[in-house]
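# A look at the structure
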Amino acid sequence: MRAAVLHAPGEVRVEEIDDPEIIEPTDAVIRLTATCVCGSDLWPYRGVESVDGPVPMGHEYVGVVEEVGDQVRTVKPGHFVVGSFVASDGTCEICRAGYPSSCVHRVFMSQIGTQSERARIPWADGTLVATPDLPDLDLVPSLLAASDVLGTGWFGAVAAEAGPGRTVAVVGDGAVGLLAVLAAGRLGAERIIAMSRHEARQKLAADFGATDIVTERGDEGVARIKELTGGLGAHSVVEAVGTQESMQQAIGSARAGGHVGFVGVSHDVALSGEDLFFSQVHLHGGPAPVRRFLPELIDLIWQRKIDPGRVFDLSLPLDQAAEAYRAMDERRAVKALLSV
Ligand SMILES: [Zn+2]
């Protein structure tokens, strides 16, 4: 089958690799309908995360089940499925507590790669959710978004306790940040402040429910959030970047007693204990337990109540994966869909 393979920083090639097979009786093999490039794929692409030799890329996916192992009960060949970027058994104590992305048997799909024609999905029963039927073609981008960026933005908003009567600030205007805006709105937030300095992203944030836009960053961004919230800071802040600056901006933007949901994949963030101590905020984050939210998100998409697929502003065939990476790296695209 064909798959996108990273050979060295900046060098993605689509080439033939071995077809996946059922290895464990709990596995499924799916034929991808669509996949995409994630902001977190850019870390190894940029050489910020080192890679050893050629590695298949990707961890977001929707597609049709082709084959299942003997112990798989909930999905069957022919089902259209959406799954999380982390495979999970769905049965361990951590999964049952709502944290499948920290399942004791978890497998990060990035270790398998899903920017390919087919993929093996471990723990199919715990990982995959079938849609009610084969989806209309125009729903595919939104269902694909549920696999990671929507689920991650949603978790950011939930972790930040976005809800009625709350002012939510979102740090980061990538796909996750934009979808955290959407999530905050669905969760009933009263006011949603999107932090962005890009016009097209500001517009999408407004369409997703942002009531205010802040273009300043760092200390100036924090000052602006305080100004908009009577000097107090936001009740809820979603951090959707993962850098030192964005994390400080998020914690600084939250009021005492407020909540920060941090879902940007953290890179070399060092927090000062003293700043943390005096910030007096709740911090909750990490790799989003997307599987927890999938049934609800699929239902909202199926009923056309949300349209998270709008974050895809570039759509290319899998063969052009290299261009999809370039476009995202150069910030010419918010998020690139690869049709298979
Ligand atoms: Zn588990």
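Relevant structure appears above.
Now for a quick tour of the structure. (Residues numbered from 1 in each chain as written. Predicted model: local features only at pLDDT ≥ 70, side-chain atom pairs only at ≥ 80, totals over all residues. Heavy atoms only, no water.)

## Regarding the overall build of the chain
Put simply, the rule is: Numbering goes from the N terminus for both helices and strands, where a helix is a DSSP run of H or I of at least four residues and a strand is a run of E of at least two. Note that the radius of gyration is over C-alpha atoms, with the globule rule given as 2.2 Å times the number of residues to the power 0.38. To sort residues, take the accessible area from a 1.4 Å probe on protein chains only and compare it with the maximum for the residue type: under 20% means buried, over 50% means exposed, and anything in between is partly exposed.
The secondary structure content of the chain amounts to 12 helices and 18 strands. For 340 residues, the compact-globule estimate of 2.2 N^0.38 gives 20 Å, and the C-alpha radius of gyration of the chain, at 19 Å, lies within 12% of that figure. Summarising its shape, the C-alpha atoms of the chain cover approximately 60 × 40 × 40 Å along the three principal directions. Every one of the 340 residues in the chain was classed for burial, and the buried ones make up 54%.

## Points about the pairing of strand 5 (residues 62-68)
For a regular strand, side-chain orientation follows a simple rule: the groups alternate between the two sheet faces. Worth spelling out the cut-off: By this definition, two strands are paired if DSSP reports at least two bridges between them.
Relative to strand 5, strand 3 (residues 28-37) runs antiparallel, the two sharing six bridges. Within strand 5, the residue paired with Val-29 across the bridge is Glu-67. Bridging between strand 5 and strand 6 (residues 80-83) involves three bridges; their strand directions are antiparallel. Residue Val-64 lies in a different strand from strand 6, and its bridge partner there is Phe-80.

## Quick notes on the coordination of the zinc ion
For a metal bound by four donors in tetrahedral geometry, the ideal donor-metal-donor angle is 109.5 degrees, whereas six donors in octahedral geometry ideally sit at 90 or 180 degrees. How we decide: Only nitrogen, oxygen and sulfur atoms within 2.8 Å of the metal, or 3.2 Å for Na, K and Ca, are treated as donors, and water is left out, so sites may look incomplete. A site with four donors is called tetrahedral when every donor-metal-donor angle falls between 85 and 135 degrees; four donors are called square planar, and six octahedral, when opposite donors sit more than 155 degrees apart and all other angles fall between 65 and 115; any other arrangement is irregular.
Of the protein atoms, only Asp-89 (OD), Cys-92 (SG), Cys-95 (SG) and Cys-103 (SG) coordinate the zinc ion, at distances of 2.0 to 2.3 Å. Each of the four donor atoms around the zinc ion contributes to a set of angles spanning 93 to 123°, which defines the coordination as tetrahedral. Mapping the donors of the zinc ion onto the primary sequence gives the spacing D-x2-C-x2-C-x7-C. Neither Asp-89 nor Cys-95 differs from the other in exposure class; each is buried.

## Some points on the side chain of His-59
Going by this rule: Each polar contact in these results corresponds to two N or O atoms within 3.5 Å; when the atoms are within protein, one needs to be able to donate a hydrogen and the other to accept it, and residues that are neighboring in sequence are counted only if both atoms are side-chain atoms. The contact criterion used throughout is that any non-hydrogen atoms of two residues lie within 4.5 Å.
On the secondary structure map, His-59 appears in the loop between strand 4 (55-56) and strand 5. By relative accessible area, His-59 is classed as buried at 5%. Within polar-contact distance, the side chain of His-59 engages the side chain of Asp-148 at 3.0 Å. When neighbours within four sequence positions are excluded, His-59 is seen to be in contact with Cys-38, Ser-40, Asp-41, Phe-85, Met-109, Ser-110, Thr-114, Ser-147 and Asp-148.

## A few points about the pairing of strand 6
The side-chain alternation of strand 6 yields two buried faces, one formed by Phe-80 and Val-82 and the other by Val-81 and Gly-83. Bridge analysis of strand 6 against strand 10 (residues 128-130) gives three bridges, and the strand direction is antiparallel. Across the sheet, Val-81 pairs through a bridge with Ala-130, a residue of strand 10.

## Notes on the environment of Gly-156
Looking at the element boundaries, Gly-156 is found in helix 5 (residues 149-159). A relative accessible area of 0% places Gly-156 in the buried class. Those residues in contact with Gly-156, other than ones at most four positions away along the chain, are Val-238, Gly-261 and Val-263.

## Section: the packing of helix 5 against helix 11 (residues 290-302)
Any two packed helices are characterised by the angle at which their axes cross and by the distance between the axes. The test is simple: All axes here are fitted lines through C-alpha atoms, helices being fitted over the stretch that makes contact, and every angle between N-to-C directions spans 0 to 180 degrees. Angular relationships are summarised with four words: roughly parallel below 35 degrees, roughly antiparallel beyond 145, roughly perpendicular across 65 to 115, and oblique for the angles in between. Under the grouping applied here, Gly and all other residues not named as nonpolar or charged are polar, the nonpolar ones being Ala, Val, Leu, Ile, Met, Phe, Trp, Tyr, Cys and Pro and the charged ones Asp, Glu, Lys and Arg.
Remark: helix 5 packs on helix 11, axes separated minimally by 10 Å, with the N-to-C direction vectors making an angle of 110°. On the basis of the axis angle, helix 5 is roughly perpendicular to helix 11. The segment helix 5 lies against helix 11, with Leu-150, Gly-151, Thr-152, Trp-154, Phe-155 and Val-158 engaging Val-290, Arg-292, Phe-293, Glu-296, Leu-297, Leu-300 and Ile-301. Partitioning the contact of helix 5 with helix 11 into residue classes produces nine nonpolar, two polar and two charged.

## Brief notes about the sheet that holds strand 1 (residues 2-8)
Strand order in the open sheet formed by three strands is 2-1-4, with antiparallel pairing between adjacent strands. Each edge of the open sheet is held by one strand with a lone partner, namely strand 2 (11-16) and strand 4.

## Remarks on the side chain of Gln-249
Relative to the elements of secondary structure, Gln-249 occurs in helix 9 (residues 244-253). Only 2.9 Å separates the side chain of Gln-249 from the backbone nitrogen of Gly-218, close enough to count as a polar contact. Residues contacting Gln-249, with those up to four places away along its chain left out, are Val-171, Met-195, Glu-216, Arg-217, Gly-218 and Val-222.

## What about the pattern of salt bridges?
Stated precisely, the cut-off is as follows: Any carboxyl oxygen of Asp or Glu within 4 Å of a side-chain nitrogen of Lys or Arg constitutes a salt bridge here.
Counted according to the given criterion, the structure contains 20 salt bridges. One salt bridge connects Arg-2 with Glu-117, and the closest N-O pair in it is separated by 3.3 Å. Residue Arg-2 is found in strand 1, and its partner Glu-117 is found in the loop between strand 8 (107-108) and strand 9 (118-121); the two are separated by 115 residues along the sequence. In this structure, Glu-66 and Arg-118 form a salt bridge, with 2.8 Å as the shortest nitrogen-oxygen distance. Of this pair, Glu-66 sits in strand 5 while Arg-118 sits in strand 9, placing them 52 residues apart in sequence. Overall, Arg-118 belongs to the buried group, its relative accessible area being 18%. What emerges from the salt-bridge pattern is a single network uniting Asp-19, Arg-31, Glu-66 and Arg-118.

Any functional reading would require information beyond the geometric quantities listed.
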